[in-house]
Amino acid sequence: MSTATLPRTAQPVSRPRRGRLRAGELAGPGFVAPFLIFYALFLILPLVLAVIMSLFNTSLVLPGLGRFVGLHNYGELFSDTYFWQAMWHTVLFTIVSTPVLIVLPLFFAIAVHRLSRGQWFFRLAFFLPYILPSAVIALVWTFMYEPGYGLIDGILHFFGLGAPGWLSSTTLTLYSIVIVTVWWTIGFNFVLFVAGLQDIPRDLYEAAELDGASWWAQVRRITIPMLGRTITLVAVLQVIASLKIFDQVYLITQGGGGPNFGARVALEYIYDYGFTSGRVGYGSAASLVLFVVILVISFAWLALVRRQEKGV
Amino acid sequence: MTGQTRGKAITDPINRRRFLTAAGGAAATMVLGTACSSTYDIAGGFVTPQSGTGNETIVYWNLLSGGDGSHMQQMEATYQHEHPHITLDSTVLTWGNPYYTKLAMAIRAGSPPDVAIMHLSRLSQFAPAKLLTPLDLGLLAEHGMTPADFTPAAFAKAHYNGRLLAIPLDTHPFVQYYNTKVCRKAGLLDGSGQLPPITGPQALVAALRKLKATGATPAVCDQINDPATPWRLFYTLYSQAGGKVLADNGKQIVLDRALAVRVLTFIDQLAQEGLVNANNDPAGGIALFQNGDVGLYWEGEWNVDIFQTGGLPFSMQPFPAVFGSGVTQADSHSFVIPLQPHHDAQRISNVLTMVRTLLGQSLVWAAGGHIPAWLPTRESKAYAKLKPQSNYESVANHVVYDPPAWYSGSGSNMEEYAGNAIAAVMLGATTPQAAYDELHASLENLSKQPVPV
């Protein structure tokens, strides 16, 4: 029995059952239909509209599509330094936050998994920040980053250290937001890793221990390879999540993008131009470019980690 | 063994079913709740109107929170008390760009509020897009309001291309708060315990140095997450020196290099000498001044409530005339009637009655710091007695509004872009020349964009 349920690398195979197949033929599409309608209405249709609007100088405050401008919006976009600055911030945020948000939760998950007591406490502690809304996170961290009397500056001053301008420096602000994001979202990846760890059969470790393998050897030779699929999943989800960065930045910088736009990310650029400036056509062009960039990076990244996984 | 551990991780189906039933019930209750009551109030959740339906409701949008918000609520309550048959449905939205974006979208979508608060500096965005209902002077007079009842500068600014589009409620300038205790210690106060007007750059620097010598922070201003304040400081000084920023409704940049660099150099000097602490966000600036160890505080007058409640020994006066004239950057809250899908004379009449009732309570509004645009209040004895609010009353006659453009005005892209460039100088992080170049480049970027209105 126990060997039968032993998950090799946990890929559930659903075996179609004869009796239910006919009912399922109708029930399947029936159950999916409500989703499909919403999907078409709120995802496919807006996407098509965005493609169309990106070729017009559509305005938020004027009726109709506006005047056809061809690829002019794209031309303006590609020659705008502010756009590239914002795109770079999104990419930079992804480059900095992704490795941290893979390695740290993995480390904590392995550490907590080895505890014999009180695992529930640490699981809860790591996951709790994740259930808070971004608005709360932004408020709390803005208070902590407050120059002079904020918690972090207070601690630094206590030890006689000077504090950097967490949210007032053009370069540091984005990193300050990376710290916030790591604290906020570490719990999600942590839980995925904990679940993955529970799927690794104990006997492997027991066998390794009998063979005299050290703790580090066990992690390197058993834990990491057995977590391969989870790591791939976390890596891909994290890259996509990081590329979508918006709410923390918008809330912490009060919609301003940080000092001298030092932390304005691509989505905020789109918001600024598409909504605030009312240039929906131009904003659509910008969001389509971001869409393509996310798609390309995600696929490239997926291919890369897949290959890595096979190599292990 | 492994089977057991896996079993634990799977959610108990009974629990899940129970949860879904409960969640479904809750959702259904919420939907029913919404259907019964007619409005959703951002601040208070679902509310059921007290009385009235159809034309008997006035939907009123504003962006007034904090002290302003509670004053406005008090004024609304008075109106509601006098007009119990009409339901005033007031919605408070976030200040700045998001408010104006939502307002524009609501009007374009054909479901605008009946009346809304708008900064007069934002007319240059809404008027060309024809999003507002022009106001008829005759109709205004019928409801007890004539042009002579308003501060002339504000009333003039309420026009676009010669048409009246807004009814001004106030003028809210950039001002100077001062801590009387700290200023007395620095020997800056006169016999009556007031700070005499400071005129000229040397006098201001000298005063700040005296304050610094007492060990206090000479002056506080903020810039983190608040590009509007650096803009207000710069635009005040630059306008005092006689400079103009935009022309031709924003299509042209007429920023004067020599003048702008002169102003930025002055701001840089204050930063380099440690005379102004600008490393604050708005809440930080308030907290520092409230802590009592700061001489001067430069900000809009709307924080007066906070310091009065906090029992701080302070007073207020117009921002110093540093470069020549004493003009000061200001804006005005005003009432506008968004373009309605169907003309409804009764509804407009109801709105004008409401506006007139609120204007009649301008003294309540003035307590929050704003200079009433309603002259019967502004010229009243009661307002003159309102201290320190009436100290800077004369400023309303010497104000400079943000230059008109589709991208300018309160909390706009222009304030954001320009403010960002100026903030770097306030921190001493860049040279005045580099800041000028950046200021010019960012304005250029905005002015070259196709006009969306």
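Residues numbered from 1 in each chain as written. Chains lettered and ligands numbered in written order. Predicted model: local features only at pLDDT ≥ 70, side-chain atom pairs only at ≥ 80, totals over all residues.

Draft legend 1. The overall build of chain A, seen in detail. In terms of helices and strands, chain A carries 13 helices and 0 strands. Beginning at the N terminus, the succession of helices and strands in chain A can be written as α-α-α-α-α-α-α-α-α-α-α-α-α. For chain A, the spread of C-alpha atoms along the three principal axes comes to 75 × 75 × 35 Å. Considering only contacts in chain A between residues 6 or more positions apart, those separated by 24 or more positions represent 69%. (Helix = DSSP H or I, 4+ residues; strand = E, 2+ residues; numbered from the N terminus. Contact = placed C-beta atoms within 7 Å.)

Draft legend 2. Summary view of the nonpolar core. Formed by 135 residues in total, the largest nonpolar core has its most connected members in V115, A166, A219, I267, V355, I422 and M426 of chain B. The element best represented in this core is helix α18 (residues 413–426) of chain B, accounting for 9 residues. Structurally, this core is a two-domain feature, drawing no fewer than three residues from each of domain 1 (52–171 + 332–385) and domain 2 (173–330 + 397–448) of chain B. Contact partners of I267 of chain B, with chain neighbours within four places excluded, come to L233, V425 and M426 of chain B. By size, the runner-up hydrophobic cluster in this structure holds 49 residues, among which are A109, W141, L267 and I270 of chain A. (Core = buried A, V, L, I, M, F, W, Y, C linked by C-beta atoms within 7 Å. Buried ≥ 20, exposed ≤ 12 C-beta atoms within 10 Å, placed from the backbone. Domains from an automatic or database assignment.)

Draft legend 3. Quick peek at the interface of chain B and chain A. Residue-level contacts link 32 residues of chain B with 35 residues of chain A. Per-class residue counts for the side of chain B that touches chain A are 16 nonpolar, 13 polar and 3 charged. (Nonpolar A, V, L, I, M, F, W, Y, C, P; charged D, E, K, R; others polar.)

Draft legend 4. View of unusual backbone geometry. A cis amide bond links K387 of chain B with the next residue in sequence, P388 of chain B, at an omega value of 0°. For P388 of chain B, the location among the structural elements is in the loop between α17 (381–385) and β19 (399–400). Of note, F261 of chain A is a non-glycine position whose phi angle comes to about 60°, a positive value. Backbone geometry at K130 of chain B places phi at a positive 55°, although glycine is not the residue there. Judged by local crowding, K130 of chain B falls into the partly exposed class, with 13 C-beta atoms found within 10 Å.

Draft legend 5. A look at the domain arrangement of chain B. All names here are of chain B. Split by domain assignment, chain B resolves into domain 1 (52–171 + 332–385) and domain 2 (173–330 + 397–448). Computed from C-alpha coordinates alone, the two centres of domain 1 and domain 2 are separated by 29 Å. With 18 residues of domain 1 in contact, the opposing surface of domain 2 contributes 20 residues. Classifying every residue of the side of domain 1 that touches domain 2 by side-chain character gives 4 nonpolar, 11 polar and 3 charged.

Draft legend 6. Representation of the pairing of strand β3 (residues 57–62) of chain B in the model. Residue and element names in this part refer to chain B. With 5 of 6 residues buried, β3 lies mostly within the body of the structure. Pairing analysis gives 6 bridges linking β3 to strand β4 (residues 87–92), with the strands arranged parallel. Looking at β4, one finds that V59 is bridged to D89. Bridge analysis of β3 against strand β5 (residues 115–119) gives 2 bridges, and the strand direction is parallel. When the bridges of β5 are listed, W61 appears paired with A116. (Pairing = 2+ DSSP bridges.)

Draft legend 7. Layout of the environment of L302 of chain A. Looking at the element boundaries, L302 of chain A is found in helix α13 (residues 280–311). Distance in space between the C-alpha atoms of L302 of chain A and A263 of chain A is 27 Å, their sequence separation being 39 residues.

Draft legend 8. Main features of the sheet that holds β4 of chain B. All names here are of chain B. Overall, mixed pairing links the 5 strands, which are arranged β4-β3-β5-β17-β8 in an open sheet. Across the chains shown, the open sheet's two edge strands, defined by having one partner strand only, are β4 and β8 (167–168). In this fold helix α3 (residues 66–82) packs onto β3 and β4, with an angle of close to 170° to the strand it touches most, β4. (Axes fitted to C-alpha atoms, helices over the stretch in contact; angles between N-to-C directions.)

Draft legend 9. Layout of the packing of helix α10 (residues 228–240) of chain B against α18 of chain B. Residues and elements named next belong to chain B. One can describe the packing of α10 onto α18 by two numbers: an axis separation of 7 Å at closest approach and a directional angle of 80°. Of the possible angle classes, the one that applies to α10 and α18 is roughly perpendicular. The segment α10 lies against α18, with A228, P230, W231 and F234 engaging E415, A418, G419, I422, A423 and M426. Considering only residue class, the contact of α10 with α18 consists of 8 nonpolar, 1 polar and 1 charged. (Parallel < 35°, antiparallel > 145°, perpendicular 65-115°, else oblique.)

Draft legend 10. Structural view of the confidence of the model for chain A. Of all residues in chain A, 91% attain a pLDDT of 70 or more, and the chain-wide mean is 88. Segment residues 1–10 of chain A is flagged for pLDDT under 50; beyond a separation of four residues in sequence, or across chains, it makes 12 contacts in the model. (pLDDT = per-residue confidence, 0-100.)

Draft legend 11. Inspection of the environment of W166 of chain A at higher detail. Residue and element names in this part refer to chain A. Tracing the backbone shows W166 in the loop between α6 (151–158) and α7 (172–198). The buried category is assigned to W166, around which 24 C-beta atoms lie within 10 Å. Distance from W166 to R114, taken between C-alpha atoms, is 36 Å for residues 52 residues apart in sequence. Look past the residues within four positions of W166 in its chain and what remains in contact with it is Y145, I152, L172 and S176.

Draft legend 12. Inspection of the packing of helix α3 (residues 81–113) of chain A against helix α10 (residues 228–243) of chain A at higher detail. Residues and elements named next belong to chain A. Two elements in contact, α3 and α10, have axes separated by 9 Å at closest approach and are oriented at 145°. Between α3 and α10 the crossing geometry is right-handed. Listed contacts from α10 to T90, F93, T94, S97, T98, L101 and I102 of α3 are V234, A235, Q238, V239, S242 and L243. Within the contact of α3 with α10, the residues separate by chemical class into 7 nonpolar, 6 polar and no charged. (Left-handed = near helix turned anticlockwise from the far one by under 90°.)

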